[in-house]
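# Chain and residue survey
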Amino acid sequence: MGLFSLEPLLPQLLSFPGLALAAALLLLVLCLRAGRTRRPGEPPLIKGWLPYLGEALKLQKDPLGFMKTLQKQHGDTFTVLLGGKYITFILDPSQYQLVMKSPKLSFRIFTNKLLRKVFSIEKLATNDDLNNDLHGCYHLLQGTSLDILTENMMQNLKQVFELQLLKTTNWDTAYLLTFCSSVIFEVTFTTIYGQSLPGNRKKFITELRDDFLKFDDKFPYLISDIPIELLGNVKSIRKKLIKRLTSEHLARTQGWSEVVQMRQDILEKYYTLEDFEIGAHHLGFLWASVTNTIPTTFWAMYYLLQHPEAMAVLRDEIDHFLQSTGQKKGSGFPIQLTREQLDSLVYLESTVLEVLRLCSFSSIMRFVQEDLTLQSETQDYCLRKGDLVAIFPPAIHYDPEIFEAPELELMNIKDWKLIHPGSSLNTTSEVHHLHAN
Ligand code: HEM
């Protein structure tokens, strides 16, 4: 799951028509790259035996198991060739801060490359002012702006959830994912971008969601070096999505959030109003807003349905909250919830954190801007310009030294902070802090 998950870059490549040729061309380029050898001071280098792909297939098969094996063999820091990219993994949590704080390890360059490749946003790579102005908007995902977003989200959730619930008749696991995707996509879009004008509301959101999910499905290929032209119809789907998010089309939605309004104002400063790339920026933001929440919701529902005792603890907490705030429960009664009240629901928060611990295989990625030495108390490592560095938190998610009961699977939801005092993730609010960096 996740924004920068290390899911397969290429493994199912050959299932696409015409990709065999691309693979052959790539293999040619890779043989040139495969000649890399480890220089003195650099972390152990693992290239695998497949040129270009390196160890991508093994990582895809079992990300955590593979990382653990490499850790046993090579220690907490090593460089792996994955789909043409050399990625240095940092598994020792005491070194996370080194990576997060190093000015030579850039999140922006990494995301700008990604935004260019995946969303066809060109200008960010060359225009620092646009970059800075857009980053200046992220405070609108925090504080009082987050309070407003949370309250609007609750109202939208109630409406969308009940309608979807009435429509859903099949509760197999596969449909649970469809259910969660539909609800989260619509609620998030409506909260951030508002509602389209009455008349074609349902059609608009259904088409947007269906195209978005098709596009997102191809994400692992989009971030690889495979030309988009070889990825079936994903280029035309992207074009359709971007078109629906251009200034002209977005003007037909009402109730933009503060963050979208500010982003649009900034974009209009740097582009002409009609510029297609404005839509591409909105697509990137929309993607960031749902790519983690859809799988998190799915896994939370999946585990809760499997553990009725955990579900009972949550129900109790919510019933108690409704009672204490004089609210009625059941269909037709909207639940009012402020962010402060949401934060007070410790079992709900523990559930989300537990789900992130169990199911998230995301990494935090940085681009190495120039050759540098990462200095830590235990060992110094030389990193090469142009490589990537990844923090991989899932490696500690099952560590008994950090998590008192790492096998715990929502069987016994207690206050997360009490059971996992050493965890690096201590409240869901900290997820928001990431966005401020
Ligand atoms: C389960 C929920 C979420 C998780 C686990 C999550 C996690 C993350 C992570 C790990 C990053 C990268 C941070 C870094 O490398 O320093 C990130 C970036 C980002 N997230 Fe989230 N996120 C979540 C929900 C959201 C939501 C709801 C939104 C929008 C409303 C959002 C918007 C963004 C944006 C815009 C960025 C890029 C920030 C930048 O360019 O500096 N995320 N998120």
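Parameters and conventions
Residues numbered from 1 in each chain as written. Predicted model: local features only at pLDDT ≥ 70, side-chain atom pairs only at ≥ 80, totals over all residues. Heavy atoms only, no water. Helix = DSSP H or I, 4+ residues; strand = E, 2+ residues; numbered from the N terminus. Buried < 20%, exposed > 50% of the residue type's maximum accessible area, 1.4 Å probe, protein only. Areas by Shrake-Rupley, 256 points an atom, 1.4 Å probe, with all protein chains shown as cover. Pairing = 2+ DSSP bridges. Phe/Tyr/Trp six-rings, centres within 6.5 Å; stacked < 30°, edge-to-face > 60°. Expected span 1.5 Å × (residues − 1). UniProt positions renumbered as here; feature names shortened; annotations may be inferred. Contact = heavy atoms within 4.5 Å. Axes fitted to C-alpha atoms, helices over the stretch in contact; angles between N-to-C directions. Parallel < 35°, antiparallel > 145°, perpendicular 65-115°, else oblique. Left-handed = near helix turned anticlockwise from the far one by under 90°. Nonpolar A, V, L, I, M, F, W, Y, C, P; charged D, E, K, R; others polar. Arc of directions from axis to C-beta.

### A look at the overall build of the chain
When helices and strands are tallied, the chain shows 20 helices and 10 strands. A buried classification covers 47% of the 437 residues belonging to the chain. Of the roughly 21,700 Å² of accessible surface on the chain, 58% is carried by carbon and sulfur atoms.

### Notes on the pairing of strand E10 (residues 388–391)
Neither face of E10 is open: one carries Leu-388 and Ala-390, the other Val-389 and Ile-391, and all of them are buried. Pairing of strand E7 (residues 364–368) with E10 involves 4 bridges; the strand directions are antiparallel. For Met-365, the partnering residue across the bridge sits in E10 and is Ala-390.

### With respect to the packing of aromatic side chains
The final tally for this structure, using the stated rule, is 16 aromatic pairs. Look at Phe-298 and Trp-299: their rings are 4.9 Å apart centre to centre, the planes differ by 70°, and that puts the pair in the edge-to-face class. You can call Phe-298 buried: its relative accessible area is 8%. Relative accessible area serves as the criterion here: at 28%, Trp-299 is assigned to the partly exposed category. A ring pair is formed by Trp-299 and Tyr-302, whose centres lie 5.2 Å apart and whose planes are at 80°; its orientation type is edge-to-face. Residue Trp-299 and its partner Tyr-302 are both found in helix H15 (residues 293–306); the two are separated by 3 residues, about one turn of the helix. Residue classification places Tyr-302 among the partly exposed residues on the basis of a relative accessible area of 24%.

### Comments concerning helix H8 (residues 173–193)
Given a rise of 1.5 Å per residue, 21 residues ought to cover 30 Å, and the 30 Å separating the end C-alpha atoms of H8 matches this to within 8%. The element H8 is extensively covered by neighbouring structure, given that 16 of its 21 residues are classed as buried. Looking at the residues trailing H8, positive phi occurs at Gly-194, about 85°.

### A short note on the environment of Leu-53
Mapped onto the secondary structure, Leu-53 falls in the loop between strand E1 (45–46) and helix H2 (56–61). We classify Leu-53 as buried; its relative accessible area is 19%. Distance in space between the C-alpha atoms of Leu-53 and Leu-82 is 5.5 Å, their sequence separation being 29 residues.

### Considering the UniProt feature "binding site: substrate" (unreviewed entry) in the chain
As recorded in UniProt, the feature "binding site: substrate" (unreviewed entry) lies at Lys-117 and Asn-292. With respect to the element layout, Lys-117 can be found in helix H5 (residues 107–119). Ignoring anything within four residues of it in the chain, the contact list for Lys-117 reads Lys-85, Leu-222, Ile-223, Ser-224, Asp-225 and Arg-238. Mapped onto the fold, Asn-292 is located in the loop between helix H14 (276–290) and H15. Residue Asn-292 is classed as partly exposed on the basis of its relative accessible area, which comes to 24%.

### What about the sheet that holds strand E2 (residues 77–82)?
Read across the open sheet, the 6 strands follow the order E1-E2-E3-E10-E7-E4; overall the sheet is mixed. On the outer flanks of this sheet lie E1 and strand E4 (105–106), each paired with one strand and no other. Relative to E10, strand E3 (residues 85–90) runs parallel, the two being bridged by 4 bridges. Note that in E10 the partner of Ile-87 across the bridge is Leu-388. Along the sheet, helix H3 (residues 63–74) makes contact with E1, E2 and E3, crossing E2 at roughly 130°. Relative to E7, H5 is tilted by about 100°, and along the sheet it contacts E3, E4, E7 and E10.

### Describing the packing of helix H7 (residues 143–167) against H8
Relative to each other, H7 and H8 sit at 140°, their axes nearing to 9 Å. With respect to their mutual orientation, H7 and H8 come out oblique. Read as a crossing pair, H7 and H8 show a hand that is right-handed. Contacts between H7 and H8 involve Leu-149, Asn-152, Met-153, Asn-156, Leu-157, Val-160, Phe-161, Gln-164 and Leu-165 on the former and, on the latter, Phe-179, Ser-182, Val-183, Glu-186, Val-187, Thr-188, Thr-190 and Thr-191. The class makeup of the residues in the contact of H7 with H8 is 9 nonpolar, 7 polar and 1 charged.

### What about helix H11 (residues 234–244)?
Every buried residue belonging to H11 is among Val-234, Ile-237, Arg-238, Leu-241, Ile-242 and Arg-244, and all of these are buried. End-on, the buried residues of H11 take up no more than an arc of 160°, which puts them together on one face. Summarising the contacts, the buried residues of H11 are in contact with H5, helix H9 (201–217), helix H10 (219–222), helix H12 (247–250) and H14.

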